[in-house]
Structure formats: C-alpha cells, structure tokens
Amino acid sequence: NKIDAFLTRSVTYQGHVEDGRVQGSVTISLTNHAPGKDLPLYVIGSATKPPLPKGTNRTTLLVYTAVPGDRVLVDGAVARATPALRTGHWWLHEVALDLAPGQMRTVRVEVDGMLPDPEGSYQLQLLPGGGATPDEYHVDVTAGDRTVRFDGRVPTPTDLG
C-alpha cells in the first residue's frame, strides 16, 4: 500500500556527554495523516491477515544510537521492544506500532552508556528516516562547555559535529 506517504516523524534528541559517557533520550513522534475512507484500498488498505482497519499504518520503527538504550517507552508506558542489538558501530532499537487514521504515537528511547571511543570526539549524525516528508529534528546536546542545538528538517544525512 501507499500509506507510508501519510506518516510524518518528529525527532527530539536531548543528550549530555561527559568523560566519554552519553546520557539522554531520543523521542520520536509519529503521526498518521491517512484518512480512514474515501481512498482506494491499495492506498489505505493492508495485506495483513486479518486486514487492519482502513487507513491504519503498521510500522516498524528502527532507532540507531551510539550507546545502548536502557529503556523504551511508547506513549509513556514501558514498551515491548526488541532488545537493543549491536550492529556495526550502532545500537539498534526496534519497536512495532499501529497508528489509526489521525493518530499520533510517541516512542522514547533513553540512552546511557560509554561512547565506543571515550577519548575521541563526540560526533552527532542525523539520518533521515525516508518517506514522503523529511523528518523534523530538534537537538539539544551538551558536551563539556559546548552546546549544540539544531531545529529543522533533515532530507539528507547531516553531521552536527
């Protein structure tokens, strides 16, 4: 189906880096702007068995972080998320969600851990999640006496340093 074209994401990252340790959170707000009727089934339908209600978006959210997340919340409640997996230089957090037409859901991954190279410099890279609308990012990170802030859309990979 084409329902992912109706999904928008807003990502907020708040972090504190000190002595090679990162503590913070990544919060992703997903909103399904799909209608529940008046569009063809191939646009707002699903091939699941049993089928989802028209306009429902079933998504698997993947969140990559430099340090492992120690807790995942969905809409404020502890989530049944797949345990974080190490993949290359990243930790992967996976959460499956259904969003009804017009529904917004919020996923929060709380991170706490040592950077892979505690003596190296802290690097923050924002990667777009794909989809028809570029993701909106809000970043506030403090590392020592330096603070990095960013607000805006991220249509392509962006390094904040």
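Residues numbered from 1 in each chain as written. Predicted model: local features only at pLDDT ≥ 70, side-chain atom pairs only at ≥ 80, totals over all residues. Heavy atoms only, no water.

It is not clear to me how the overall build of the protein chain should be interpreted in this structure. Could you clarify?
Helices and strands together make up the secondary structure of the protein chain, namely one helix and twelve strands. Written out in order from the N terminus, the α and β elements of the protein chain read β-β-α-β-β-β-β-β-β-β-β-β-β. Projecting the C-alpha coordinates of the protein chain onto the three principal axes gives extents of approximately 55 × 30 × 25 Å. Taking all 161 residues of the protein chain together, the buried fraction comes to 35%. Across the protein chain, contacts joining residues at least 24 apart in sequence account for 67% of those joining residues at least 6 apart. Counting every atom, the protein chain has about 9300 Å² of accessible surface; 52% of that belongs to carbon and sulfur. (Helix = DSSP H or I, 4+ residues; strand = E, 2+ residues; numbered from the N terminus. Buried < 20%, exposed > 50% of the residue type's maximum accessible area, 1.4 Å probe, protein only. Contact = heavy atoms within 4.5 Å. Areas by Shrake-Rupley, 256 points an atom, 1.4 Å probe, with all protein chains shown as cover.)

Sorry if this is basic, but what is going on with the pattern of salt bridges here?
As a working rule, side chains carrying opposite charge can pair if their charged atoms are close by. Tallying each qualifying case throughout the model produces eight salt bridges. Here D75 makes a salt bridge to R105, at a shortest N to O gap of 2.7 Å. Highlighted residues: D75 in the loop between β4 (69-74) and β5 (77-78) and R105 in strand β8 (residues 104-114), separated in sequence by 30 residues. Take R105: its relative accessible area is 18%, and that puts it in the buried class. Put simply, R153 and E136 hold a salt bridge, and the shortest N to O gap is 3.6 Å. With R153 in strand β11 (residues 146-154) and E136 in strand β10 (residues 135-143), the pair connects residues that are 17 residues apart, well separated along the chain. (Salt bridge = Lys/Arg side-chain N within 4 Å of Asp/Glu carboxyl O.)

It is not clear to me how the pairing of β4 should be interpreted in this structure. Could you clarify?
Regular strands place side chains that alternate from one sheet face to the opposite one. Sheet topology places β4 next to β8; five bridges connect them, and they run antiparallel. Looking at the pairing, V74 lines up with V107 of β8. Looking at chain direction, β4 and β5 are connected through two bridges and run antiparallel. Residue pairing in the sheet places L73 in a bridge with V78 of β5. (Pairing = 2+ DSSP bridges.)

How should I be thinking about the nonpolar core in this particular structure?
Side chains of nonpolar character tend, in soluble globular proteins, to be buried together. Ranked by internal contacts, the top residues of the largest apolar core, which has 29 residues, are Y13, V22, L30, V107, Y122 and L124. For this core, the secondary-structure elements that each account for two or more residues are β1 (7-18), β2 (21-32), β3 (57-65), β4, β7 (90-99), β8, β10 and β11. Dropping the residues within four chain positions of it, L30 is found in contact with L7, T8, R9, T59, L61, L97, L99, Q103, M104, R105 and V107. (Core = buried A, V, L, I, M, F, W, Y, C linked by side-chain atoms within 4.5 Å.)

Teacher, can you tell me more about the pairing of β10 here?
As judged from the eight bridges shared by β1 and β10, these two strands associate in the parallel manner. Within β10, the residue paired with V17 across the bridge is A143. In textbook terms, the turn of a hairpin is the stretch between consecutive antiparallel strands, and for β10 and β11 this stretch comprises two residues, one of which, G144, has a positive phi near 65°.

Help me out: how do you make sense of the sheet that holds β5 in this one?
Sheet strands line up and pair through hydrogen bonds in the backbone, either parallel or antiparallel. Spatially, β5-β4-β8-β2-β1-β10-β11 is the arrangement adopted by the seven strands of the open sheet, whose pairing is mixed. Of all the strands in the sheet, the pair left with one neighbour each is β5 and β11.

Keep in mind that these numbers describe shape and distance, not what the molecule does.
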